[in-house]
Amino acid sequence: MRKWGLIFFLLTLFISASGQQRYTISGYVGDAASGEKLIGANIYDEHTAAGAVTNVYGFYSITLPQGEVGLVFSYVGYGRKKVSFFLRRDTVMNVNLEQSLEIGAVTVTASEMRRIEHETQMSMTDIPIRQIQALPSLLGETDLLKTVQLLPGVQSGSEGQSGFYVRGGSPDQNLILLDGVPVYNASHLFGFYSIFNTEAISDVKLIKGGFPARYGGRLSSVLDIRMKDGNQHEYHGDVTVGLISAKATVEGPLVKDKTSFIVSGRRTYADFIARPFIKKGFRESGSDGNAGYYFYDVNAKVTHTLDDKNKLFFSVYNGNDKFRVWERYRYDEYDEYDDTRLRWGNTIAAARWNHIWSGKLFSNTTATYSHYNLGTHVAFNTRDMAKDSLLEDMKLVYSSGIRDYAVNMDFDYIPDPAHYVRFGGRYILHYFNPGNFDMGFLAEDGVSHVDTTLGQKKLQAQEFSFYGEDDWRITDNLKVNAGLHFSSFITDGKAYTSLQPRLSVRYLLPGEVALKASYATMRQYVQLLAFSSIGLPTDLWLPTTRRVKPQDSWQVAVGAAHTFGGLVEVSIEGYYKEMNRVIAYKEGAGMMQFDDWQDRVTQGRGQAYGAELFVQKKKGKWTGWIGYTLAWSWRRFADLNFGKKFPYTYDRRHDISVVCVYEINDRIHLSGTWVYGTGNVFTLPTSVYYGFYPAGGYDMETEVQYFAERNNYRMKPYHRLDLGVDFIRKKKHYTRKFSLGAYNVYSRKNPFFMNIDTWYHNTDQGPEMIKVLVQYSLFPIIPYFSLNFSF
Amino acid sequence: MLLVLLPLLVSCEDFFRSYVTVPPPPYEKRLVVNLYIDDTDTVLWASVSRNAGSLETVKWEELVVNDARVLLLDSRGDVVCELDTLGGGGDTLYPGMPSVNYGAVLPQPFAGNGETFTLQVTQQEFGMATARQTMPARPQIGVPRLKENAGKDMQGDEYNRVSFTLHDPPGEENYYLIHLYMTDGEQGYLSGIPLSSSDPLYAEDYGYALLLEDKTFDGEDFPARVDFYSWNMPYMEDGTDSLPAMLLEVKAITRDFYLYARSLRKAEEMGDMGFFVEPVQVYNNIEGGLGIFSLSAVTREAVEKE
């Protein structure tokens, strides 16, 4: 560990000190129409061939020698902008780029573009938000996480679920950040939709390995999602009506060019449609009642520019899923009432301050709040109407969740074009509620009312982290990103610490082919306790404790990357990852158990390795990608499978995704995705036998379901084709988009789950019982349409 | 084109059916052997059968294997005894257990503490199934003492407690099975008493007994405490004032039997809860087959009332 510290210390101290006078040009790069900051825009000096890239706030800094400069600003989908002048002092230059109107136009030269082979970072993918919005989707609901599932190295879980598995990791090993704030439950509707409304998002980036030191806290991936800031120049709106939901977005300036806002909301309305029919159903069965389910989410953000050096951001997300069923039934003199409600959701808030200390030093200070909560309320009572008294009265309230308060400071220091230094720290105060019950009931004597509270102990924890990293261009061909991430977690009177070295290296071969390698160690202090077979909002986020130790991982990856013809990015990577102390339920542990959760879990090891191919085209009439993953993923627990290694539930040998958007012209866009994946594994008894045992003078005989090892059965492969078409009509004051398509076009019966069922056949001798292995599928072909107006 | 294609696709038979039946997974037909031997046994009995496919609905009688050769060998490979087939069931040797279909009568108690024995079962169709076990040393325990109405549980029910000291040998993994029997003092055992314990050291209750491993008290004198309820005792009539005479039995068992008993019990408890519990894998130690071969050494002590 010490040698890593020394290396990093030297790296961060190394600032090239040229004898020639040098000056810094810095500022923001944004969209000319909206003022929205552009993340990852490229800045290139024609004279020195030096370059820079904007950070997640659109800020850039480039230090050049005194003299003539020719700065070219460029960004995918935008026209280039060139600024030439004589550099004689530090200069602040904010630049806005115009969106390119010509479809497929390549307006920048190869050297001016930000290319995959130029970056040190590997195992990273960014998806243009426009592409996400163009893809066909389940019931027409554009879904960011389901698009992420189409990337190589990322696997979907069960059919339709928005949870994702990266390089053999579990869903809780993905750090999902919304404007830098961790999101704990990223799904609506029991996992079928993600909580992210794509209308409010400006940028999405997924990192699967070679993690820069600024990220920490999860083992397998970082999904960094950035919200739009809102249009600074004029008001705009967007309304979409789909099969299951409607959404609207409004953005504009509160103070022109100074303060902007964006508000985006979405709500499903199946409950409105279904309610009268459900009510009628209850009436026909002789009772009053109703049932309904909906989800909603709201994103809001205000951005205020105090001056050239200071910016403030306030953002809020709130989303909830709500389900309720109630019934009132009267018979004789009795009145029976039962009511069941289930609610879960996230609330996230962030206040952010961007400050430019100098042209070379940029800081971001953030205070955040993140809360995930699940609540269940079950009530039942019976009233004797003649006596006007309660005969039975029972209520059960269950709640669980996690609440975080966090503060972090991040600095970007760009001393010269050869170095990009980042450092900072974070403090998080966690509150965990692993599940609490409030129960009330009427005692037998009909008088006393007893309340009792059962459940798990609430826990508090503190997490600190500090990091430093330098993206260092050692020579024109060799670039290194080296860093250290230190973290500490204090809980239950116990402190855990970890020092995590990170290293990424890129070497550029002749012909602009980049060879890349990376090494990263990660540590995770919070984990999701989830059942292996299903994903439910009842899955619990829990901390490391004295008994349950933190999870660790290390990963190495090697690969090559090249951009063909300036348009088609190709990367191939191999990786090997080991995970220690991953968590799993013990055998026989059940969801309906109320003992200490620590007694129900076990910790073991995980191992994942594989190779990934990614071919992506982001510009032109044809855009999209082809991804292929060859992967293995294993688990080994002392308490499971008798200590032997077994395949992880989402061990999938082959994963292929083909994603395509074809813009025929301004008015018609076609899109399609095809996915193929080796079937998931699960535990299925292959035979039965009779076992017996002597016990206490009695002898027990029992049928034993035998399986040779855990996850011994592999389901059939999964594949699916989705197609969509957008018809776009531009009017004087608005643009109308009508989207039509279908999910699972050839209605493949993909396995969702399998079970041994007992069926009965009528025979001449009476009903005969047979056992059958049944594969259940969820979605046949599902057509969709949606109508969108933007103004 | 999509609009034209959709009705065509939808018209296909079973297009929207959400389930399909799938052929059962292949499985290997194997011998299933259950043989438990206490060092005090003078009669050995075993069950020999075969497994069936997970979708087969076969009765026990159809699984019984009566034409196997069941041998017990010592560490030198010499035959200690051969268990003979009892035909359709072990009614003569083991009443009420039709699954017992092999047995042998020994001239003297099995004993064999510290010795290793091999079970060898051969049958023409299924080949050979073997297992090897070493007879543990007899457990050393102190005098067990009974305290009636020792306390109340969370439900307010009074329980009785038997306490004794278990002298655990150091430096080795040891596993125990604890039984408590009612006895009339003359006819020997009458009946087992269901035991329980709130101490997490005891693994799942196994039938009427408790399982214990020495991981946390290796080499120490472990103060063992087992509880039982008067109302849960067999043959206890209403109004019985005093508890009958009792016998504590502590068995030193092998690791294999401990794993088998724990997993079998857990699998039974979980039953058919499907998606709501994690699957339980039942341990077996029969190479080339399924089931369990177990050797255990028994210590029994009369329980003294406090």
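Residues numbered from 1 in each chain as written. Chains lettered and ligands numbered in written order. Predicted model: local features only at pLDDT ≥ 70, side-chain atom pairs only at ≥ 80, totals over all residues. Heavy atoms only, no water.

1. So, the overall build of chain B
- What chain B contains, in helices and strands, is three helices and 20 strands.
- When the 306 residues of chain B are sorted by exposure, 51% land in the buried category.
- Sequence-distant contacts, at least 24 apart, represent 65% of the contacts inside chain B between residues at least 6 apart.
- Accessible surface computed for chain B: about 14900 Å², of which carbon and sulfur atoms make up 49%. (Helix = DSSP H or I, 4+ residues; strand = E, 2+ residues; numbered from the N terminus. Buried < 20%, exposed > 50% of the residue type's maximum accessible area, 1.4 Å probe, protein only. Contact = heavy atoms within 4.5 Å. Areas by Shrake-Rupley, 256 points an atom, 1.4 Å probe, with all protein chains shown as cover.)

2. Focus: the overall build of chain A
- Broken down by element type, chain A carries four helices and 49 strands.
- Radius of gyration (C-alpha) of chain A: 29 Å, near the 28 Å computed for a compact globule of 791 residues.
- Principal-axis analysis of the C-alpha atoms gives chain A an extent of 95 × 65 × 55 Å.
- Residues counted as buried form 57% of the 791 residues belonging to chain A.
- Within chain A, residue pairs in contact and separated by at least 24 positions form 66% of the contacts whose partners lie at least 6 positions apart.
- About 31700 Å² of surface is accessible on chain A, with carbon and sulfur atoms providing 59% of the total. (Rg over C-alpha atoms; globule rule 2.2 N^0.38 Å.)

3. Structural notes on the packing of aromatic side chains
Residues and elements named next belong to chain A.
- A full pass over the atoms with the stated rule returns 45 aromatic pairs over all chains.
- Between Tyr576 and Tyr609 the ring centres are 6.1 Å apart and the planes differ by 15 degrees, which places this aromatic pair in the stacked class. Of the two residues, Tyr576 sits in strand β35 (residues 568-585) while Tyr609 sits in strand β36 (residues 601-617), which places them 33 residues apart along the sequence.
- Judged by its relative accessible area of 23%, Tyr576 falls in the partly exposed class.
- Judged by its relative accessible area of 25%, Tyr609 is partly exposed.
- Arranged with centres 5.6 Å apart and planes meeting at 80 degrees, the rings of Phe682 and Tyr713 form a pair that is edge-to-face. With Phe682 in strand β41 (residues 681-682) and Tyr713 in strand β44 (residues 713-714), this pair connects stretches of sequence that are 31 residues apart.
- The side chain of Lys494 reaches across the aromatic face of Tyr496, ending 5.3 Å from its centre.
- Sitting above the plane of the Tyr648 ring, Arg635 keeps its charged end 3.7 Å from the centroid. (Phe/Tyr/Trp six-rings, centres within 6.5 Å; stacked < 30°, edge-to-face > 60°. Lys NZ or Arg CZ within 6 Å of the ring centre and 35° of its normal.)

4. What to know about the nonpolar core
- If you look at the biggest cluster of nonpolar residues, it comprises 69 residues, and the most contacted ones within it are Leu144, Phe164, Phe196 and Leu223 of chain A.
- With four residues, the top contributor of residues to this core is strand β23 (residues 334-358) of chain A.
- In contact with Phe164 of chain A, not counting residues within four places along its chain, are Leu145, Val148, Gln149, Val154, Gln155, Pro171, Asn174, Ile176, Leu206, Ser221 and Leu223 of chain A.
- Leu35, Tyr102, Phe110 and Ile286 of chain B belong to the second largest nonpolar core, which has 28 residues in total. (Core = buried A, V, L, I, M, F, W, Y, C linked by side-chain atoms within 4.5 Å.)

5. Quick look at the environment of Tyr369 of chain A
All names here are of chain A.
- Looking at where Tyr369 falls in the secondary structure, it is placed in strand β24 (residues 361-384).
- Tyr369 gets classed as partly exposed once you look at its relative accessible area, which sits at 22%.
- Contacts of Tyr369, omitting those with residues within four sequence positions, involve Val181, Thr347, Ile348, Ala349, Arg403, Asp404 and Tyr405.
- Looking at Tyr369, its side chain comes within polar contact range of the side chain of Arg403, at 3.5 Å. (Polar contact = N/O pair within 3.5 Å; in protein donor to acceptor, adjacent residues only side chain to side chain.)

6. Focus: the sheet that holds strand β16 (residues 201-207) of chain A
Residues and elements named next belong to chain A.
- Spatially, five strands are ordered β9-β16-β17-β12-β13 in an open sheet, and the strand pairing comes out mixed. The sheet is open, and its two edges are formed by β9 (124-126) and β13 (181-182), each paired on a single side.
- Where β9 meets β16, three bridges bridge the pair, whose relative direction is antiparallel. Its bridge partner being in β16, Met124 is matched across the sheet by Ile207. (Pairing = 2+ DSSP bridges.)

7. Thoughts on a negative patch on the surface
Residues and elements named next belong to chain B.
- A contiguous patch of negative charge, built from Glu172, Asp218, Glu220 and Asp221, is present on the exposed surface.
- As for its position among the elements, Asp218 is in the loop between β16 (209-213) and β17 (221-228).
- By relative accessible area, which is 34% here, Asp218 ends up partly exposed. (Patch = residues over 30% accessible without salt bridge, like charges linked within 9 Å, V, L, I, M, F, W, Y side chains within 5 Å. Salt bridge = Lys/Arg side-chain N within 4 Å of Asp/Glu carboxyl O. Lys, Arg positive; Asp, Glu negative; His and termini not counted. Charge placed at Lys NZ, Arg CZ, Asp CG, Glu CD.)

8. Quick word on the side chain of Ser400 of chain A
All names here are of chain A.
- The residue Ser400 is located in strand β25 (residues 389-416) in this model.
- Overall, the relative accessible area of 1% leaves Ser400 in the buried class.
- Apart from residues lying up to four places away in sequence, Ser400 is in contact with Tyr372, Asn373, Leu374, Asn433, Pro434, Gly435 and Leu540.

9. Here's the deal with the confidence of the model for chain A
All names here are of chain A.
- Confidence in the prediction of chain A, expressed as mean pLDDT, is 87, and 91% of residues score 70 or more.
- Of the regions scoring below 50 in pLDDT, residues 8-18 engages in 17 contacts with residues more than four places distant in sequence or in other chains.
- Between residues 103-112, whose pLDDT stays under 50, and residues either more than four places distant or in other chains, the model counts 25 contacts. (pLDDT = per-residue confidence, 0-100.)

10. Here's the deal with unusual backbone geometry
All names here are of chain A.
- The phi dihedral of Asp388 is positive, around 50 degrees, even though this residue is not glycine.
- Structurally, Asp388 is set in the loop between β24 and β25.
- Residue classification places Asp388 among the exposed positions, given a relative accessible area of 57%.

11. So, the side chain of Glu36 of chain A
Residues and elements named next belong to chain A.
- As for its position among the elements, Glu36 is in the loop between β1 (22-31) and β2 (42-45).
- Of the side chains with opposite charge, Lys301 lies nearest to the buried Glu36, which makes no salt bridge, at 6.2 Å.
- A distance of 3.2 Å separates the side chain of Glu36 from the backbone nitrogen of Gly230, its partner in a polar contact.
- Glu36 has contacts with Gly30, Asp31, Met227, Lys228, Asp229, Gly230 and Glu251, leaving out every residue within four places of it along the chain.

12. Topic: the confidence of the model for chain B
Residue and element names in this part refer to chain B.
- Averaged over all residues, the pLDDT of chain B is 84; the fraction at 70 or higher stands at 82%.
- Per-residue pLDDT stays below 50 along residues 89-93; that stretch engages in 11 contacts with residues further than four places along the chain or on separate chains.
- The ipTM value of the predicted complex is 0.87, and its pTM value is 0.86.

13. Details of the sheet that holds strand β3 (residues 51-53) of chain A
Residue and element names in this part refer to chain A.
- As summarised here, the arrangement of the four strands in space is β3-β2-β5-β6, forming an open sheet in which the pairing is antiparallel. In the strand order of this sheet, the two ends are held by β3 and β6 (81-87), each with one partner. For this sheet, the mean angle separating the axes of adjacent strands, direction not counted, is 20 degrees. (Axes fitted to C-alpha atoms, helices over the stretch in contact; angles between N-to-C directions.)

14. Topic: the pairing of strand β21 (residues 288-307) of chain A
All names here are of chain A.
- One ladder, built from nine bridges, connects strand β20 (residues 259-268) with β21; its direction is antiparallel. Looking at the pairing, Arg267 lines up with Tyr296 of β21.
- Relative to strand β22 (residues 310-331), β21 is paired through 19 bridges, and the arrangement is antiparallel. Residue pairing in the sheet places Asp288 in a bridge with Arg328 of β22.
- Hairpin connection, β21 to β22: the antiparallel pair is bridged by two residues.

15. Focus on the pattern of salt bridges
- Considering all chains together, one arrives at 47 salt bridges over all chains under this definition.
- The closest approach of N and O atoms between Glu173 of chain B and Arg255 of chain B, which form a salt bridge, is 3.9 Å. In this pair, Glu173 of chain B sits in the loop between β12 (158-167) and β13 (175-183) while Arg255 of chain B sits in helix α3 (residues 255-270), placing the two residues 82 residues apart along the sequence.
- For Arg255 of chain B, a relative accessible area of 42% translates into the label partly exposed.
- A network of salt bridges, in which partner residues are shared, links Arg167, Lys208, Glu573 and Glu612 of chain A.

16. Looking at a nonpolar patch on the surface
All names here are of chain A.
- Together, Val239, Val241, Tyr734, Phe789 and Phe791 make up an exposed nonpolar region whose accessible area comes to about 410 Å².
- Mapping Tyr734 onto the fold places it in the loop between β45 (718-730) and β46 (735-743).
- For Tyr734, a relative accessible area of 33% translates into the label partly exposed.

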